[in-house]
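Structural overview for review
Chain by chain, the residues run as shown.
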Amino acid sequence: MFAFVLSRLLQAVPVMLVVALISFAMFAYVGDPVSIMLGQDFTEAQRDALVRDLGLDQPFFVQFARFVGNAIQGEFGLSYRLSRPVAELIAERAPATLELASCAAAIALFVGVPMGVFTGLYRQSWLSRFFLTFSLIGVSLPTFLIGILLILIFSVWLGWLPSFGRGDTVQIGSWSTGFLTGSGLKALVLPAITLGLFQLTLIMRLVRAEMLEVLRTDYIKFARARGLADRSVNFGHALKNTLVPVITIAGLQFGSIIAFAIVTETVFQWPGMGLLFIQSVGAADIPVMAAYLLLIALVFVTINLVVDLLYYAVDPRLRADRGASARGT
Amino acid sequence: MTAAPPLLEVRNLRVEFPSRRGTLVALHDVSFSIAPGEILGVVGESGAGKSMTGAAIIRLLEPPGRIAGGQILLEGRRIDNLSQDEMRRIRGRRIGAIFQDPLTTLNPLYTVGRQLTETMQTHLDLSGSEARARAIGWLEMVGIPAAAQRIDSYPHEFSGGMRQRVVIALALCAEPRLVVADEPTTALDVSIQAQVIALLKRLAREKNTSMMLVTHDMGVIAETADRVAVMYAGRVVEIGPVREVVKHPHHPYSIGLMNSIPPLDHRVERLAQIDGAMPRLNAVPPGCPYNPRCPKVFDRCIVERPDLLDAGSTRAACWLYDPAEPPHV
């Protein structure tokens, strides 16, 4: 097990290096930091001094190695736009995005999986047909449109929920949470639904398809032939066998939720990393963009590792290759 | 035959598959009985309705198949009209089932021990540790070496033959009075087949369990069954003691079937075969369904369908054995 985790971590290193290279390349090829920093009036000597100070006269690989070294220490330099350390900016914004993303993922899982099981078991019922139609809407409508529609209905017409922002937050250490205030929770509802809806319908359709597949298998028929209770057959034997593909997709989707919260955060003016990124793109704030890119890559790499570990927990056949030797007896 | 009341009695069973182009009748007027402790072999070509008869008895017909007529009685009580939940309590507890392919019959994500204890605890009032002790006992009984260690193994850690032994233990562990074994050896290596059949036969004798043994392997039938039913196109065409049906079959189809078993004691130039193929469900001819292939067909066979008639040592659905019929040559 330890060897497996270690080998996966080693595999992640080149991935992260490639992403770091792309991030780094932005500095070199998108805009010219020196002219941005110097402003309008400067002498050639000032320019050369700054280039030397920034180490831009060094060979490419030396510069890249320094960038990676700093990144590992969480050092991404100053934001051009806000003149504050990038790491600080991101740390400030991360709680908002992570809370939004986890709520969206929770909605997607805890509503999507039961709906998928239901539509798989009762294919003919009118409720299943309704869910399927509804899921088509969820899959095909773009996120920003769903967000705007929700704002129109629940904020403008009904006035139940706020249309933007995060409400009041409570600071716990360096983490600002919206979970502890009424307005924080209310503000979370619409963006979380908007962000989770697509994933919800995707997970529902996936679980349904997998359930239909699994329910046809001999071992389910045999479980019924042994007189096991329906609940145990459907939710134990059948659902557990659908989990491997569902975990894969749900894991990747959680990554996407974090990475592509950008649209939802923009629609709801949610003060998270996505909004920060969009604002940074507008201002060509390369240090922030580079750091965000690296962070998202790290999120995906971590999620992939967790997904692989979950496979092992769910499916004993994957443990088989090492099982023979590990068993010992 | 014994005078004891039958354990299982099937009377005029009719199974239909409604389809867009009319109703297909898969089983016609199937009647037979199984005495306590008796092994009834059921033989016939693929598609003759052997497996479907077994599935109808445990009420696990593939939808949209349904029992459209007739009765099934277990120990004198009708079970074909029970509710799904009552039927669930009969499956496993009163009627066990063994399926064809042991590689797909066991749930890959649960240990064999868990599958055994789950089955026993569903039907019998057992504590966890009692169930586990019994599970080990069953694994020993079906010949799994080192059962106490193997109980926590997953199905993929067993060979095909061993898995079929586990399936047998699962079918018998709640001590049913009847076991429906659907081609229990077809998917196994020939060398393993004999072992598994011997095991089934021994356990059935020891536990005084009756068995309906569905197979197309005449060797298995001759070795194992007390009586045998020959099925053709959804009907029982001959039924009688195994020695008689194998050595002196009466129905022309049974005769053809027995002749097509290659002899071991001398070489033949050409294996005997029955010309033609069994009719599809939607193209069963009027009269006797075997009439297009029957070497002894005469006028009456083409218009009128025979029921099972006394043919001396067996009963055969053939007009040749109607006492009112003049002798045909």
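What this report covers is the structure whose coordinates are included nearby.

Cut-off values and rules
Residues numbered from 1 in each chain as written. Chains lettered and ligands numbered in written order. Predicted model: local features only at pLDDT ≥ 70, side-chain atom pairs only at ≥ 80, totals over all residues. Heavy atoms only, no water. Helix = DSSP H or I, 4+ residues; strand = E, 2+ residues; numbered from the N terminus. Rg over C-alpha atoms; globule rule 2.2 N^0.38 Å. Buried < 20%, exposed > 50% of the residue type's maximum accessible area, 1.4 Å probe, protein only. Contact = heavy atoms within 4.5 Å. Pairing = 2+ DSSP bridges. Axes fitted to C-alpha atoms, helices over the stretch in contact; angles between N-to-C directions. Buried area = accessible area lost by both parts, 1.4 Å probe. Salt bridge = Lys/Arg side-chain N within 4 Å of Asp/Glu carboxyl O. Polar contact = N/O pair within 3.5 Å; in protein donor to acceptor, adjacent residues only side chain to side chain. Nonpolar A, V, L, I, M, F, W, Y, C, P; charged D, E, K, R; others polar. Core = buried A, V, L, I, M, F, W, Y, C linked by side-chain atoms within 4.5 Å. Parallel < 35°, antiparallel > 145°, perpendicular 65-115°, else oblique. Left-handed = near helix turned anticlockwise from the far one by under 90°. Expected span 1.5 Å × (residues − 1). Bend = angle between axes of the 7 residues up to and from the residue.

Thoughts on the overall build of chain B
- Regarding its fold elements, chain B presents 12 helices and 12 strands.
- Its C-alpha atoms give chain B a radius of gyration of 21 Å, near enough to 20 Å, the size a compact globule of 329 residues would have.
- Along the longest, intermediate and shortest principal axes, the C-alpha atoms of chain B span 70 × 50 × 45 Å.
- The burial tally for chain B puts 53% of its 329 residues in the buried class.
- Considering only contacts within chain B whose residues lie at least 6 apart along the sequence, 64% involve residues at least 24 apart.

Digging into the sheet that holds strand β6 (residues 95-98) of chain B
Residue and element names in this part refer to chain B.
- Spatially, 8 strands are ordered β6-β7-β8-β3-β9-β10-β12-β11 in an open sheet, and the strand pairing comes out mixed. The sheet is open, and its two borders are formed by β6 and β11 (309-311), each paired with just one other strand. For this sheet the average axis-to-axis angle between neighbouring strands, irrespective of direction, equals 20°.
- Bridging between strand β3 (residues 39-43) and strand β8 (residues 210-214) involves 4 bridges; their strand directions are parallel. Along β8, the bridge assignment pairs Gly41 with Leu213.
- This element, helix α7 (residues 160-172), spans β6 and β7 (178-182) of the sheet and lies at about 165° to β6.

What about the interface of chain B and chain A?
- Residue-level contacts link 26 residues of chain B with 23 residues of chain A.
- Taking both sides of the interface into account, the surface hidden between chain B and chain A amounts to around 2,300 Å²; carbon and sulfur atoms contribute 59%.
- Taken together, the links from chain B to chain A amount to 1 salt bridge.
- Residue Lys221 of chain A pairs with Glu62 of chain B through a salt bridge whose shortest N-O separation is 3.7 Å.
- Along the contact surface separating chain B from chain A lie 13 residue pairs in polar contact (both at pLDDT 80 or more).
- Broken down by element, the side of chain B that touches chain A gets its largest block of residues, 5 residues, from helix α4 (residues 112-123) of chain B.
- For the side of chain B that touches chain A, the class distribution of residues is 12 nonpolar, 9 polar and 5 charged.

Things to note about the nonpolar core
- The biggest cluster of nonpolar side chains holds 100 residues, and the ones touching the most others in it are Leu8, Phe32, Ile57, Ile95 and Ile168 of chain B.
- Element by element, the count of residues in this core is highest for α7 of chain B, at 7 residues.
- Leu8 of chain B has contacts with Phe32, Ser33, Ile34, Ile57, Ile72, Leu73, Leu74 and Leu178 of chain B, leaving out every residue within four places of it along the chain.
- Counting residues in hydrophobic clusters, the runner-up holds 53 residues, among them Ala96, Ile258, Phe277 and Ala297 of chain A.

What to know about the packing of helix α12 (residues 273-282) of chain A against helix α13 (residues 286-314) of chain A
Residues and elements named next belong to chain A.
- Where α12 meets α13, the closest approach of the two axes is 9 Å, and the angle between their N-to-C directions is 140°. Between α12 and α13, the interaxial angle falls into the category oblique. As α12 runs across α13, the sense of the crossing is left-handed. Touching Met273, Gly274, Leu276, Phe277, Ser280 and Val281 of α12 are Val288, Met289, Tyr292 and Leu295, all from α13.

Description of the pairing of strand β9 (residues 227-232) of chain B
Residues and elements named next belong to chain B.
- Counting buried residues in β9 gives 6 out of 6 residues, a clear majority hidden from the surface.
- Burial along β9 is two-sided: the face carrying Arg227, Ala229 and Met231 and the face carrying Val228, Val230 and Tyr232 are both buried.
- Here β3 runs beside β9; their pairing, made up of 4 bridges, is parallel. The residue of β9 that forms the bridge with Gly41 is Val228.
- Relative to strand β10 (residues 235-241), β9 is paired through 6 bridges, and the arrangement is antiparallel. Across the sheet, residue Val230 finds its bridge partner in β10, namely Glu238.

Describing the sheet that holds strand β5 (residues 77-78) of chain B
Residue and element names in this part refer to chain B.
- An order of β2-β1-β4-β5 is seen for the 4 strands of this open sheet, with the pairing classed as antiparallel. Here the strands that pair on one side only, and so sit at the sheet edges, are β2 (22-34) and β5.
- Across 2 bridges, strand β4 (residues 66-74) lies against β5 in antiparallel orientation. Each residue of the ladder has a partner; that of Leu74, found in β5, is Arg77.

Thoughts on helix α5 (residues 86-121) of chain A
- Taking 1.5 Å per residue as the helical rise, α5 of chain A with its 36 residues ought to reach 52 Å, and the 50 Å between its terminal C-alpha atoms agrees with that figure.
- Along α5 of chain A, the sharpest kink reaches roughly 35°, centred on Arg93 of chain A and followed within four residues by the proline Pro95 of chain A.

What about the pattern of salt bridges?
- Applying the stated criterion to the full structure yields 26 salt bridges over all chains.
- One salt bridge in this structure joins Arg227 of chain B and Glu38 of chain B, with 2.8 Å as the shortest N-O distance. Residue Arg227 of chain B is located in strand β9, and its partner Glu38 of chain B is located in the loop between β2 and β3; the two are separated by 189 residues in the primary sequence. One exposure class covers both Arg227 of chain B and Glu38 of chain B, and it is buried.
- Across the salt bridge formed by Asp80 of chain B and Arg78 of chain B, the nearest N and O atoms sit 2.7 Å from each other.
- By relative accessible area, which is 32% here, Arg78 of chain B ends up partly exposed.
- If you follow the salt bridges from partner to partner, you end up with Arg84, Glu88 and Glu92 of chain A in one network.

Honestly, that's just the spatial picture; any functional story needs more than this.
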